[in-house]
Amino acid sequence: MVCSLAKSIFVRCFLILLTLCLVTPARADEWWAWSALEYWRNDTSKVWLFLGNRLDADDGAYVQIVSPRFKHALLPWLDGGIGLSLLSIENTRTQDRFTQFRPELELNPHFDLTPHLAIEFRNRMEWRWNEEEALTTHRLRNRIQLAWSLPRPLGPLTRVFANNECLTDLHRSQRSENRLIPLGLTFKTGSHADLDVFYMILSSRVNALWQHESVIGTYLRLSF
């Protein structure tokens, strides 16, 4: 009975995500590919390298990011983290490009609601310095996520998750972006590899108006 229910949930999630993948290219237009290379950890800490590519075919925006990161368990329910991100931001139509340097600080509470259901928070402060500009474009990011780890994996599928992240430009004192992932799936792709596939609704504030785009993304995590 439980196995049948789990299979039914998997099939529905897969069909929803497949439908979103097929519909998104017909509308708009963002493709994100993330990866993380974890190269050291112990019982309370880990160090990894985050890499990202983001392409907006309609607007011609192409963003690349390289970011070494460190995380440490401050309490059983609270993680702290730091990161140093270097971004290359390019307009492929005009060939304009600039570099952004971004120190980051995180405080991330997390709680197990059941043995398989967790609620996780990510609170990140970013100090952003754009090339040839003053260090004034600071940003605060707050994300809440629900993640359900399957009691028994269904083939490679091990987790289903959803989250929402709000981004606030502190120099403007206003919310500038919202990233809603209504559905994401995690697959075990190897003994040291996991792959997230997700659909995102990206909302951006342009002047006083909000614009919405659909995003298909992947997040590959490798450990050594």
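Refer to the structure presented above.
**Here's the deal with the overall build of the protein chain**
And then number 1: Scanning the protein chain for helices and strands turns up one helix and 12 strands.
And then number 2: Reading the secondary structure of the protein chain in the N-to-C direction produces α-β-β-β-β-β-β-β-β-β-β-β-β.
And then number 3: Considering the protein chain as a whole, with its 224 residues, one finds that 39% of them fall into the buried category.
And then number 4: Put simply, of all contacts in the protein chain between residues at least 6 apart along the chain, 45% involve residues at least 24 apart.

**Digging into the packing of aromatic side chains**
And then number 1: This structure, assessed with the given rule, holds six aromatic pairs.
And then number 2: The interplanar angle of 45° and the centroid separation of 5.7 Å between the aromatic rings of W32 and W34 together place this pair among those described as tilted.
And then number 3: Taking the centre distance of 5.2 Å and the plane angle of 35° together, the rings of W34 and F198 count as tilted. Within this pair, whereas W34 is found in strand β1 (residues 29-41), its partner F198 is found in strand β11 (residues 193-206), the two being separated by 164 residues in sequence.
And then number 4: Classification of W34 as partly exposed rests on a relative accessible area of 22%.
And then number 5: Among the aromatic residues, those joined into a cluster by ring pairs are W32, W34, F50, F198 and Y219.

**A word on a nonpolar patch on the surface**
And then number 1: Residues Y39, W40, F70, I82, L84, L86, F101, L105, W127, W129, L135 and F224 make up a contiguous nonpolar surface patch of roughly 1200 Å² in combined accessible area.
And then number 2: The element contributing the most residues to the nonpolar patch is strand β4 (residues 78-91), with three residues.
And then number 3: Of note, I82 is situated in strand β4.

**Topic: the pattern of salt bridges**
And then number 1: Across all of its chains, the model carries 22 salt bridges by this definition.
And then number 2: R54 serves as the salt-bridge partner of E30, at 3.1 Å between the closest nitrogen and oxygen. A residue pair is termed long-range when its members are at least 10 positions apart, and E30 in strand β1 and R54 in strand β2 (residues 45-56) qualify at 24 residues.
And then number 3: By relative accessible area, which is 24% here, R54 ends up partly exposed.
And then number 4: The partner of R124 in a salt bridge is E106, with the nearest N and O atoms 2.6 Å apart.

The rules behind the values
Residues numbered from 1 in each chain as written. Predicted model: local features only at pLDDT ≥ 70, side-chain atom pairs only at ≥ 80, totals over all residues. Heavy atoms only, no water. Helix = DSSP H or I, 4+ residues; strand = E, 2+ residues; numbered from the N terminus. Buried < 20%, exposed > 50% of the residue type's maximum accessible area, 1.4 Å probe, protein only. Contact = heavy atoms within 4.5 Å. Phe/Tyr/Trp six-rings, centres within 6.5 Å; stacked < 30°, edge-to-face > 60°. Patch = residues over 30% accessible without salt bridge, like charges linked within 9 Å, V, L, I, M, F, W, Y side chains within 5 Å. Areas by Shrake-Rupley, 256 points an atom, 1.4 Å probe, with all protein chains shown as cover. Salt bridge = Lys/Arg side-chain N within 4 Å of Asp/Glu carboxyl O.

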